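As a plain string of letters, each chain reads:
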Amino acid sequence: MLSTRGYAADSPTSNLKPFDFERREMGARDILIEIKFCGVCHSDIHQVRDEWGGSIYPMVPGHEIVGRVIRLGADVSKFKENDYAGVGCFVDSCRECVNCAEGFEQFCLIHCAQTYNSTEMDKKTPTFGGYSSQIVVDENYALKISDMENLAAVAPLLCAGITTYSPLKRFNVGKNQKVGVVGLGGLGHMGVKLAASMGAQVTVFSTSPSKEQDSRKLGAHDFVVTKNPENMRALAGSYDFILDTVSANHDLNQYLNLLKRGGAMVLVGAPEKPAAVSAFSLIGNNRTLAGSGIGGIAETQEMLDYCAANKISADVEIIPIQQISDAYERTIKSDVRYRFVIDMNSL
Ligand code: NAP
Ligand code: ZN
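In this text the structure is predicted, and so the values were computed from the model without any measurement. (Residues numbered from 1 in each chain as written. Chains lettered and ligands numbered in written order. Predicted model: local features only at pLDDT ≥ 70, side-chain atom pairs only at ≥ 80, totals over all residues. Heavy atoms only, no water.)

**Student:** Is there a simple way to explain the overall build of the protein chain in this structure?
**Tutor:** Helix and strand counts for the protein chain come out as 11 helices and 17 strands. Here the protein chain has a C-alpha radius of gyration of 20 Å; the compact-globule value for 347 residues is 20 Å, and the two agree. Across its three principal axes, the protein chain shows a C-alpha extent of roughly 60 × 40 × 35 Å. For the protein chain, the residues scored as buried account for 54% of the 347 residues in total. In the protein chain, of all internal contacts separated by at least 6 residues, the share reaching a separation of at least 24 is 66%. Positive and negative charge centroids in the protein chain, built from 34 and 40 side chains respectively, lie 5 Å apart. (Helix = DSSP H or I, 4+ residues; strand = E, 2+ residues; numbered from the N terminus. Rg over C-alpha atoms; globule rule 2.2 N^0.38 Å. Buried < 20%, exposed > 50% of the residue type's maximum accessible area, 1.4 Å probe, protein only. Contact = heavy atoms within 4.5 Å. Lys, Arg positive; Asp, Glu negative; His and termini not counted. Charge placed at Lys NZ, Arg CZ, Asp CG, Glu CD.)

Here it is, written out as structure tokens:
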């Protein structure tokens, strides 16, 4: 077994603290990654605090992992020693069901072994995430990182990047389209960069007036403060596509009403409680309300390659792991510009 250092939460109300644990021995298809950086996703906070239910403790969060490959199993072919590799939200799946076969491993019909707060394919052994010194992962579930100069800013692509890229592709977002991004946090700021890079006319819908200047630098063309109902009414029926990244409960109807005929709104934000949707918000203008969950391995690699080719990465605040509790508090207050990333050298 491989002795590993990490940070873990013991319960929904405890702060994260140092935690030593064992990673499995290397299998023939495994790689060992020395973790350099790990992004802090709002999902880490939801799960540490058990806001979605069913959390498993001790919990080592972290699913925006980048690092260096320091050891290879005998049959590994995708990586060489010293390559850079990434791990996102899951580390294994059955590889045989129709969803795995079609590149949607995150929706494996047998079991998707999530990177943390989950179990391996035996459905017993707990998984531990990226707030740690190293991780053992099957090469098929690791991503190749080509943008090595910018590793800290690449880490958030492993979750925030793919979670926003995937629905933009699925709904063919591109030129001559008006796109709204609701919530300018980790996911939202990636959604703005990606949608703008695809040629869309992007509006940020935000509760934070102080983010206007940043949103334009990120590539947005318009900025709307959502607390003012007048601002919202003036835009009714004018958007093709809206990406809702908000982490807390909020009124979906006021955003659905912004969609033009045939428009779609996709929820990626995952608040604690269900939302009320008026049928009339959907009936008018034949609107679609959809959801989207991360992305499969092939699409995640496509997104990483797209970002490298288009020079897109996250705007990050790099922190030592000792500041993780403060980073959680600031994220909850929407006070992150725009993703905290832990420098694992601090561990
Ligand atoms: P984040 O960095 O905290 O950003 C969330 C943003 O939502 C905030 O910056 C804020 O933007 C806005 N917001 C926060 N509280 C609000 C409120 N009460 N009312 C209205 N707006 C509010 O979080 P994140 O890491 O981007 O994650 C966002 C959500 O996506 C989380 O729920 C997370 O669990 C979920 N998620 C889902 C997937 C998936 O596969 N679907 C993957 C990853 C994460 P403004 O300041 O601009 O208003
Ligand atoms: Zn995430």
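**Student:** Teacher, can you tell me more about the sheet that holds strand β11 (residues 201–206) here?
**Tutor:** What links the strands of a sheet is backbone hydrogen bonding, and the strands pair in either a parallel or an antiparallel sense. Here six strands make up an open sheet; going across it, the order is β12-β11-β10-β13-β14-β15 and the pairing parallel. Because the sheet does not close on itself, it has two edges, and the strands there are β12 (222–225) and β15 (288–291). Here the strands of the sheet are splayed against their neighbours by 20° on average, with no regard to which way each runs. Relative to β11, strand β10 (residues 178–182) runs parallel, the two sharing five bridges. Its bridge partner lying in β11, Val181 is registered against Val204. Helix α4 (residues 160–170) contacts β13 (239–244), β14 (259–267) and β15 of the sheet and is inclined by roughly 155° relative to β13. (Pairing = 2+ DSSP bridges. Axes fitted to C-alpha atoms, helices over the stretch in contact; angles between N-to-C directions.)

**Student:** Help me out: how do you make sense of the nonpolar core in this one?
**Tutor:** Soluble globular proteins tend to bury their nonpolar side chains together. Ile31, Tyr131 and Ile324 are the most contacted members of the largest nonpolar core, which totals 94 residues. By size, the runner-up hydrophobic cluster in this structure holds 14 residues, among which are Val182, Met232, Tyr239 and Leu258. (Core = buried A, V, L, I, M, F, W, Y, C linked by side-chain atoms within 4.5 Å.)

**Student:** Mind showing me how you'd approach the site of ligand 1 here?
**Tutor:** For ligand 1, the set of nearby residues contains 29 residues, the closest of which are His42, Ser206, Thr207, Ser208 and Arg339. Separating an oxygen atom of ligand 1 from a backbone N or O atom of Leu187 is a distance of 2.8 Å. Interatomic distance of 2.5 Å between a side-chain N/O atom of Ser208 and an oxygen atom of ligand 1. Among the secondary structure elements, those contributing two or more residues to the shell around ligand 1 are α1 (42–48) and α5 (186–197). Per-element accounting of the shell around ligand 1 gives the leading share, three residues, to α1. (Near = heavy atom within 4 Å. Polar contact = N/O pair within 3.5 Å; in protein donor to acceptor, adjacent residues only side chain to side chain.)

**Student:** Help me understand α4 in this model?
**Tutor:** Residues spaced three or four apart along an α-helix point in a common direction, a consequence of the helix completing one turn every 3.6 residues. Counting buried residues along α4, nine of its 11 residues qualify, which places the element largely inside the surrounding structure. Looking only at α4, the buried set comprises Ala160, Gly161, Ile162, Thr163, Thr164, Tyr165, Ser166, Pro167 and Leu168. Asn172 sits one or two positions beyond α4 and adopts a positive phi of about 50°.

**Student:** Can you help me understand a nonpolar patch on the surface in this one?
**Tutor:** On the surface, a nonpolar cluster with roughly 290 Å² of combined accessible area is contributed by Val98, Leu109 and Ile110. Along the polypeptide, Leu109 turns up in the loop between α2 (98–101) and β7 (113–114). (Patch = residues over 30% accessible without salt bridge, like charges linked within 9 Å, V, L, I, M, F, W, Y side chains within 5 Å. Areas by Shrake-Rupley, 256 points an atom, 1.4 Å probe, with all protein chains shown as cover. Salt bridge = Lys/Arg side-chain N within 4 Å of Asp/Glu carboxyl O.)

**Student:** Just checking my understanding: could you explain the pairing of strand β16 (residues 316–320) for this structure?
**Tutor:** Along any regular strand the residues' side chains alternate between the sheet's two faces. As judged from the five bridges shared by β16 and strand β17 (residues 339–343), these two strands associate in the parallel manner. Within β17, the residue paired with Glu317 across the bridge is Phe340. Considered for its hand, the β-α-β crossover made up of β16, helix α11 (residues 324–332) and β17 is right-handed. (Right-handed = clockwise from strand over helix to strand, strands pointing away.)

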